[in-house]
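# Residue-level structural notes
Now for the letters of each chain:
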Amino acid sequence: FYNIVNFQPKQTMTFFNIYDIKDKSNPKLLKEYKFEGNYFRARMTDGKVYLVTNTQPIIRPHPMPIIFEGTVRSSMNGSDIHFFDIPYNNPTFIVVHALDLESKTTLSSKAIAVEYGQNLYMSKNHIYITYQERVNEYDIQKKITMKLIEPNLTANDKILISKIKNVDADILSKSEKDSKIYQVYNNRAAMFSQKDQEKLQDEIEVKLKEKIKEIKYFEYTVINKINIENGKITPVSNGKVPGRIINQFSMDEKNDVFRIATTLSARWSRYGKSRTESTSNVYTLDSKLNILHRLEGMAKGERIYSTRFIDDWLYMVTFK
């Protein structure tokens, strides 16, 4: 097939085929689609299928995700890829394709930048894509270290850092750039006298302790909300709540209120006097994903094992 259409995929392709099965002994292929990316989830409502794939940003002459309808190739427009105004470390794309089974046509395709480890929940009118965000104590320490060393950087250090930042992303990833830049700071600190190095370590420890005390939560579930209306896909809002979810049944929507149950993991810090216990939490969010109400600190020392939202009730099982 790829030789015929003169295309060599650089990542997985997901196949979506529509068959006529009136004669079950001889099903007939009516329509054939290929979508670039790994199959993630699929949902259907009112004869519309919402097929979700997971794809990586790649460097090539036409970098947008590719779609084949039969042998006809097309690619998504840059305007169909959506970024929320939040920090991204290693972004990947969740791509939602809307297909009409009656007319056997694609209605629209939209991509949203997310991080790894996604979950999906779909209500009548919305799709919610979530992933985990964690606050890393070592990353905080690195930022503090660099801020304290920065006044001592030489002109050559700054030129080198600028060169690293300007390297193309297909040569060095963000994490690789960050690592090399941090090494420049460490190399400068290694030139300090023994006394100044000890003073630097003391200052880092003091500021790190202060920063950790300011942080209430060290893990979050990031939520991306997408409107779906008769095959039209529209990313609308982004928010987050403390803790992590276990699966799609941790989420629900009623009367345009989003409901979610999370577990806040146990945590130990080298600067803390004791290990914090895990707790379970329930949050409700409005249409813009602002938190309306919260119930926190339940089931200390346990984690959520199973949840089901039924009408105005949540049935939640925790496990120790």
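Summarised in this report is the structure supplied together with it. None of the values given here were measured: they were computed from a predicted structure. (Residues numbered from 1 in each chain as written. Predicted model: local features only at pLDDT ≥ 70, side-chain atom pairs only at ≥ 80, totals over all residues. Heavy atoms only, no water.)

Looking now at the environment of Phe-16. Its location among the elements puts Phe-16 in strand β1 (residues 13–20). With a relative accessible area of 15%, Phe-16 lands in the buried category. Between the C-alpha atom of Phe-16 and that of Leu-99, which follows or precedes it by 83 residues, the distance is 9.9 Å. If sequence neighbours within four positions are ignored, Phe-16 has contacts with Lys-31, Glu-32, Tyr-33, Phe-35, Val-49, Leu-51, Leu-99 and Leu-101. (Helix = DSSP H or I, 4+ residues; strand = E, 2+ residues; numbered from the N terminus. Buried < 20%, exposed > 50% of the residue type's maximum accessible area, 1.4 Å probe, protein only. Contact = heavy atoms within 4.5 Å.)

Take the nonpolar core next. Membership of the largest hydrophobic core comes to 33 residues, with the highest contact counts inside it found for Phe-16, Tyr-50, Val-96 and Ile-127. Elements represented by at least two residues in this core include exactly β1, β2 (28–36), β4 (48–55), β8 (92–100), β9 (105–114), β10 (119–122), β11 (126–134) and β12 (219–229). When residues in this core are grouped by element, the largest group, six residues, is from β8. (Core = buried A, V, L, I, M, F, W, Y, C linked by side-chain atoms within 4.5 Å.)

Let us look at the packing of aromatic side chains. The final tally for this structure, using the stated rule, is eight aromatic pairs. Residues Phe-83 and Phe-93 carry aromatic rings whose centres are separated by 6.0 Å and whose planes lie at 80 degrees to one another, so their mutual orientation is edge-to-face. Placement of the pair is Phe-83 in the loop between β7 (81–82) and β8 and Phe-93 in strand β8, with a sequence separation of 10 residues. Note on Tyr-305 and Phe-319: the rings are 5.7 Å apart at their centroids and 35 degrees apart in plane angle, and the pair reads as tilted. With a gap of 14 residues between them, Tyr-305 in strand β18 (residues 303–310) and Phe-319 in strand β19 (residues 313–319) connect regions that are remote in the sequence. (Phe/Tyr/Trp six-rings, centres within 6.5 Å; stacked < 30°, edge-to-face > 60°.)

Moving on, we come to the pattern of salt bridges. Summed over all chains, the structure comprises 14 salt bridges. Linking Lys-174 and Asp-178 is a salt bridge whose minimum nitrogen-to-oxygen distance equals 3.0 Å. Placement of the pair is Lys-174 and Asp-178 together in helix α4 (residues 174–189), with a separation of four residues, close to one helical turn. According to the relative accessible area criterion, Lys-174 is partly exposed, its value standing at 41%. (Salt bridge = Lys/Arg side-chain N within 4 Å of Asp/Glu carboxyl O.)

Turning our attention to a nonpolar patch on the surface. Taken together, the side chains of Tyr-19, Ile-21 and Leu-29 make up a nonpolar region of the molecular surface, amounting to roughly 300 Å² of accessible area. When its relative accessible area of 44% is taken as the criterion, Tyr-19 is described as partly exposed. (Patch = residues over 30% accessible without salt bridge, like charges linked within 9 Å, V, L, I, M, F, W, Y side chains within 5 Å. Areas by Shrake-Rupley, 256 points an atom, 1.4 Å probe, with all protein chains shown as cover.)

Turning our attention to the side chain of Thr-262. Examined against the element boundaries, Thr-262 turns out to sit in strand β15 (residues 257–264). Here Pro-242 takes part through its backbone oxygen, which lies 2.8 Å from a polar atom of the side chain of Thr-262. The residues contacting Thr-262, other than those within four sequence positions of it, are Thr-221, Val-241, Pro-242, Gly-243, Arg-244, Ile-245, Thr-279, Ser-280, Asn-281, Tyr-283 and Ile-304. (Polar contact = N/O pair within 3.5 Å; in protein donor to acceptor, adjacent residues only side chain to side chain.)

This part is about the pairing of β18. Two strands pair when backbone bridges link them, and β18 and β19 are joined in this way by seven bridges, in the antiparallel orientation. Residue pairing for β19: Phe-309 is matched across the bridge by Leu-314. What sits between β18 and β19 in their antiparallel hairpin is a turn of two residues, with Asp-311 showing a positive phi close to 55 degrees. (Pairing = 2+ DSSP bridges.)

Remark: helix α3 (residues 155–165) packs on α4, axes separated minimally by 9 Å, with the N-to-C direction vectors making an angle of 170 degrees. It follows that α3 is roughly antiparallel to α4 by the angle criterion. In this structure, α3 uses Asp-157, Leu-160, Ile-161, Ile-164 and Lys-165 to contact α4, whose residues at the interface are Lys-177, Lys-180, Ile-181, Val-184, Tyr-185 and Arg-188. Broken down by class, the residue content of the contact of α3 with α4 amounts to six nonpolar, no polar and five charged. (Axes fitted to C-alpha atoms, helices over the stretch in contact; angles between N-to-C directions. Parallel < 35°, antiparallel > 145°, perpendicular 65-115°, else oblique. Nonpolar A, V, L, I, M, F, W, Y, C, P; charged D, E, K, R; others polar.)

Turning our attention to the sheet that holds strand β17 (residues 291–298). Strand order in the open sheet formed by four strands is β14-β15-β16-β17, and the pairing between neighbours is antiparallel. Taken across any chain shown, the strands that pair with only one partner, and hence form the sheet edges, are β14 (251–254) and β17. Between one strand axis and the next, the sheet turns by 15 degrees as a mean value, whatever way the strands run. For β14 and β15, the ladder comprises four bridges, and the chain directions are antiparallel. Residue pairing across strands places Glu-253 opposite Phe-258, the latter belonging to β15.

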